Amino acid sequence: MHKYRTHNCSELNKNNLNELVTISGWIDTKRDHGNLLFIDLRDNYGITQCVIDAKHKKFNEISALNLESVITVIGKVIERSEDTVNKSLSTGFIEINIDEYNLLSQSLTLPLPVNSDIDYGEDVRLKHRYLDLRRNKLHKNILLRNKIISSIRKKMNDRNFIEFQTPILTSASPEGARDYLVPSRIHKGKFYALPQAPQQFKQLLMIAGFDKYFQIAPCFRDEDSRADRSPGEFYQLDFEMSFVTQEDVFESIEPVLYEIFEENKNYSKDKECTVSQYPFPKIPYIESLEKYGSDKPDLRNPLIINDFTEIFKNSNFKIFSNKISEGAIVKGIIVKNSEEKPRSFFDKLNLWAQNEGAPGLGYINYYENEFKGPIAKNLSKDQLEQINLSNGDSVFFICDKIKYAQQFSALVRDKLCNEFNLLESNAFKFCWIVDYPMYELDEKTNTIQFSHNPFSMPQGELESLNNKNPLDIKAYQYDIVCNGVELSSGAIRNHDPEIMYKAFKIAGYSKKFVEENFSGMLNALKYGAPPHGGSAPGIDRIVMLLADEPNIREVIAFPMNQQAMDLMMEAPAKVDKKRLDELGIILVDKN
RNA sequence: GCGGGAGUAGUUCAGUUGGUUAGAACGCCGCCCUGUCACGGCGGAGGUCGCGGGUUCGAGUCCCGUCUCUCGCGCCA
């Protein structure tokens, strides 16, 4: 018989009755009845109940073992009596009658319980991540992550994408987030950078003629963390394709995402869940800001933001009309069936808006064919009817300069969705945000800047760069959004050096600057480059969505904390002076 | 860098307008218990109330400073 196991902890059942088996695992739970002891033995696959009674010569020894000690149990599979079956376990019809056991590894008293999923302080969890990872929820999340990644790999391979590895030690990118730097020993005073994404490499692979690239790519960015943004590193399904239009990119990745979500949609949901059918809706960037106040709209929220500036422009409601004459706009959100809400509900919303920094939240109710509420009397019948309310509707107004009106409208949209319980929670709703502007105006310097990726192809190519107002030029630049989470951005790339020089010139960069900073890429484009484009959905965020976890650390095996420290490995750490000398680095004490 | 929340037993938390010896649950230790599966029962140990200062007859509680964790803003081509 095998030294450690003939079966794992989930596979024994009635078919194995009376077999002598060996299983190994962790002591998940002990139930000590004095003269009878139950041990739930746990491994990656499941739990098997083992039982021993006081007549056994090792009864006292085994009773004394700490939880999470690792043991091997040898014993006979016996049937449980009908009244002692545990239907919540796959092995619940049987148990192992312990003949012999071996202690493989003892456990000290635990700093956190493994056999329960109750919430624990993150520093304790991160310091003892190996224990945290044994716990059911996190263990399952990591298995889900594996399932998703292996499924992605298969789907991409099946679609003739070729998997690559690209350098981890590379050069710093002058645009974008802060880089992690690695000092060079051989070239003192020079630094490698960890890639923020394999952006240039995947484009170079297209230029090298590989046609379709993908990678489960680690990306490193030295940014401050958020609940959905782990400091240090994260993973993308990075892909790129040659000889494609934007539509081709969409059509290639939509079925992959759809299938991944279909396969795993019920992992965290009790109810049957729906996934957007492809093709996913495409929302132009400007329209998204107008209708949702955001470029990552949560389409599970049915509320739409309307523009009512024209109605208020010439109204007697001076607060709004005066602001409009100073350049403000009026946004409004119509909510149905608000009649049951008491007056205090509207007052509370107003107070909420003030706490959020707005002057208030004006509203009109249309109940019993009458317009009510503090603003209604300031509008003419004609103006009120243009709002287009049905009986039982309320409309809430936001009036501010366009940028702030959009931002606050998005907040109000979320708030109303919560208050009226409108969110379609058992759904994964995708959309593309398309037609991002190529350039934007920097408010501080009043200069034209790239609004997104400088290597995206402008729509209309050289002709629009030459002839259009830069602020009117759109790029072949797109994001994919699911349930209000930005999964990725992508683009059709600029593969023409002439267009690139011109695009950078508009943003104030000389030909010399482009040549000095992007020489590798630029040279490659001069030897025959195919038109190409791609995108890079975030793997961690996909797993987060499917696991229904609000925090990205719940889907990463070994995440850093918010201060970008690994509490278990104690990184970052000081290094010996000798190592610094080798690298030519002298530390400066800033105090 | 900035703002919100939190920090009390190994752990998760409670702790009233400042007032006796700071509590509960889980875990740990001891005793009892042969059908539990969150086993149960009895008993016990375990605390610099994050740290430093201040107000007060008296501070877990109020004030100031500081540190840590967390959420957000800035940042994220």
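In what follows, the structure referred to is the one given above.
Residues numbered from 1 in each chain as written. Chains lettered and ligands numbered in written order. Predicted model: local features only at pLDDT ≥ 70, side-chain atom pairs only at ≥ 80, totals over all residues. Heavy atoms only, no water.

Student: Please explain the sheet that holds strand β9 (residues 212–221) as it appears in this structure.
Tutor: Sheets are built from strands that pair by backbone hydrogen bonding, the pairs being arranged parallel or antiparallel. Read from one edge to the other, the open sheet built from eight strands follows the order β6-β9-β10-β24-β23-β22-β19-β12, with strand pairing classed as mixed. Each having just a single partner strand, β6 (162–163) and β12 (282–284) make up the two edges of the open sheet. Sheet analysis places β6 next to β9, joined by two bridges and oriented parallel. Its bridge partner lying in β9, I162 is registered against Y213. (Pairing = 2+ DSSP bridges. Helix = DSSP H or I, 4+ residues; strand = E, 2+ residues; numbered from the N terminus.)

Student: Would you explain the packing of helix α6 (residues 246–264) against helix α17 (residues 539–547) in this entry?
Tutor: Geometrically, a packed helix pair is captured by the angle between its two axes and the distance between the axes. Where α6 contacts α17, the axes come no closer than 10 Å and their chain directions differ by 35°. As for how α6 packs across α17, the hand of that crossing is right-handed. For the pair formed by α6 and α17, the contact residues are L257, I260, F261 and N264 on the first element and I542, L545 and L546 on the second. Considered class by class, the residues forming the contact of α6 with α17 number six nonpolar, one polar and no charged. (Axes fitted to C-alpha atoms, helices over the stretch in contact; angles between N-to-C directions. Left-handed = near helix turned anticlockwise from the far one by under 90°. Contact = heavy atoms within 4.5 Å. Nonpolar A, V, L, I, M, F, W, Y, C, P; charged D, E, K, R; others polar.)

Student: Would you mind showing me how to read the packing of aromatic side chains here?
Tutor: For any pair of aromatic rings, geometry is given as the distance between the ring centres together with the angle between the planes. Tallied over the entire structure, the rule returns 33 aromatic pairs. With a centroid separation of 5.9 Å and an interplanar angle of 85°, the aromatic rings of W432 and Y478 are classed as edge-to-face. Remark: Y478 occurs in strand β22 (residues 477–482) and W432 occurs in strand β19 (residues 430–434); sequence separation between them is 46 residues. For W432, a relative accessible area of 0% gives the class buried. Residue classification places Y478 among the buried residues on the basis of a relative accessible area of 0%. Directly above the aromatic system of F420 lies the positively charged group of K341, at a separation of 5.0 Å from the ring centroid. In this structure, K511 is placed above the aromatic ring of Y501, and the distance from its NZ or CZ to the ring centre is 4.7 Å. (Phe/Tyr/Trp six-rings, centres within 6.5 Å; stacked < 30°, edge-to-face > 60°. Buried < 20%, exposed > 50% of the residue type's maximum accessible area, 1.4 Å probe, protein only. Lys NZ or Arg CZ within 6 Å of the ring centre and 35° of its normal.)

Student: Even after reading the chapter, I still don't get the sheet that holds strand β5 (residues 94–105), so can you show me in this structure?
Tutor: Spatially, five strands are ordered β1-β2-β3-β5-β4 in a closed barrel, and the strand pairing comes out mixed. Direction aside, neighbouring strands of the sheet carry axes that sit 55° apart on average. The pairing of strand β1 (residues 20–32) with strand β4 (residues 70–79) spans seven bridges and is classified as antiparallel. Across the sheet, the residue bridging to L20 is K76, located in β4.

Student: Whenever I open this one, the side chain of T48 confuses me. Can you help?
Tutor: With respect to the helices, strands and loops of the structure, T48 is situated in strand β3 (residues 47–53). The class of T48 is buried, set by a relative accessible area of 0%. A polar contact is formed between the side chain of T48 and the backbone oxygen of C9, at a distance of 2.8 Å. (Polar contact = N/O pair within 3.5 Å; in protein donor to acceptor, adjacent residues only side chain to side chain.)

Student: What exactly am I supposed to notice about the packing of helix α4 (residues 136–158) against α17 here?
Tutor: Across the interface, α4 lies against α17 with an axial gap of 10 Å and an inter-helix angle of 125°. By the angle class used here, α4 and α17 are oblique. In the crossing of α4 with α17, the sense of the turn from one axis to the other is right-handed. Residue-level inspection shows N141, L144, R145, I148, I149 and I152 of α4 in contact with α17, the latter providing I539, D540, I542, V543, L546 and A547. Residue composition of the contact of α4 with α17, grouped by class: nine nonpolar, one polar and two charged. (Parallel < 35°, antiparallel > 145°, perpendicular 65-115°, else oblique.)

Student: I tried to follow the environment of K318 on my own but got confused; where do I start?
Tutor: Within the secondary structure, K318 is located in helix α9 (residues 318–325). K318 sits 50 residues away from S268 along the chain, and the two C-alpha atoms are 50 Å apart.

Student: Just checking my understanding: could you explain α4 for this structure?
Tutor: Since the α-helix advances by 3.6 residues per turn, residues separated by three or four positions end up pointing in the same direction. The end-to-end C-alpha distance of α4 is 33 Å, a good match for the 33 Å that 23 residues give at a rise of 1.5 Å each. Inspection of α4 places L138, N141, L144, R145, I148, I149, S151, I152, K155 and M156 among the buried residues, and these make up the whole buried set. Those residues of α4 that are buried are in contact with α2 (122–127), α3 (129–132), β9, β10 (232–242), α6 and α17. (Expected span 1.5 Å × (residues − 1).)

Student: What am I meant to see in the protein's contact with RNA strand B here?
Tutor: Near RNA strand B there are 43 residues, and of these D32, T84, Y120, E223 and H452 occur at the shortest range. Sugar plus phosphate: this is where 52% of the atoms of RNA strand B within 4 Å of the protein reside. Within the side chain of Q49, one N or O atom sits 2.8 Å away from a base oxygen of RNA strand B. With respect to RNA strand B, the side chain of R553 contributes an N or O atom lying 2.8 Å from a phosphate oxygen. Residue assignment for the surface near RNA strand B shows that the elements contributing at least two residues are β1, β2 (36–42) and β3. The residue inventory of the surface near RNA strand B, partitioned by class, reads nine nonpolar, 18 polar and 16 charged. (Near = heavy atom within 4 Å.)

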